[in-house]
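Coordinate analysis (summary)
In case you want the letters, here they are:
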Amino acid sequence: MANHKSAEKRARQTIKRTERNRFYRTRLKNLTKAVRVAVANNDKEAALVALKDVNKSFHSFVSKGFLKKETASRKVSRLAKLVNTLAA
């Protein structure tokens with residue numbers, strides 16, 4: 001247990017940050033899964049809509065500091081490549 005005022009504040013901040021990061025992590029997984037499911041079902045329109053959501057959300061996570069820019073770009077790129085396999 002925290003004994004100082006500053007330590008109590010850090011404990012509160014850690015709890016808040018942990019909850020926020022858990023939300024982002026779950027959202028990231030669900031968005032990615034939506035794209036993969038659409039591709040598995042050969043539904044190009046749904047895959048494109050899901051990919052658009054992924055792109056927007058991932059780069060929003062970058063601006064919030066949850067993801068690095070390169071990581072977001074790499075993940076979006078790989079999902080885009082997956083969606084493009086439907087066109088062929």
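Located above this text is the structure these notes cover.
What counts, and at which threshold
- Residues numbered from 1 in each chain as written.
- Predicted model: local features only at pLDDT ≥ 70, side-chain atom pairs only at ≥ 80, totals over all residues.
- Heavy atoms only, no water.
- Helix = DSSP H or I, 4+ residues; strand = E, 2+ residues; numbered from the N terminus.
- Expected span 1.5 Å × (residues − 1).
- Buried < 20%, exposed > 50% of the residue type's maximum accessible area, 1.4 Å probe, protein only.
- Arc of directions from axis to C-beta.
- Axes fitted to C-alpha atoms, helices over the stretch in contact; angles between N-to-C directions.
- Parallel < 35°, antiparallel > 145°, perpendicular 65-115°, else oblique.
- Left-handed = near helix turned anticlockwise from the far one by under 90°.
- Contact = heavy atoms within 4.5 Å.
- Nonpolar A, V, L, I, M, F, W, Y, C, P; charged D, E, K, R; others polar.

1. Some details on the environment of Ala-46
- Mapped onto the secondary structure, Ala-46 falls in helix α2 (residues 44-64).
- Between the C-alpha atoms of Ala-46 and Leu-82, which are 36 residues apart in sequence, the distance is 13 Å.

2. Examining α2
- The end-to-end C-alpha distance of α2 is 30 Å, a good match for the 30 Å that 21 residues give at a rise of 1.5 Å each.
- Where α2 is concerned, the buried positions are Ala-47, Ala-50, Leu-51, Val-54, Ser-57, Phe-58 and Phe-61. Each buried residue of α2 sits inside an arc of 145 degrees when the element is viewed along its axis, so together they form one side. Every exposed residue of α2 that faces more than 90 degrees away from the buried side is listed here: Glu-45, Val-49, Lys-52, Lys-56 and Ser-63.
- Phi turns positive, to about 90 degrees, at Gly-65, one or two residues after α2.

3. Regarding the packing of helix α1 (residues 5-40) against helix α3 (residues 69-84)
- Across the interface, α1 lies against α3 with an axial gap of 10 Å and an inter-helix angle of 15 degrees. One element, α1, and the other, α3, form an angle in the roughly parallel class. In the crossing of α1 with α3, the sense of the turn from one axis to the other is left-handed. Of the residues in α3, those in contact with Thr-32, Val-35, Arg-36 and Val-39 of α1 are Leu-79, Leu-82 and Val-83.
- Residues that form the contact of α1 with α3 fall into these classes: five nonpolar, one polar and one charged.

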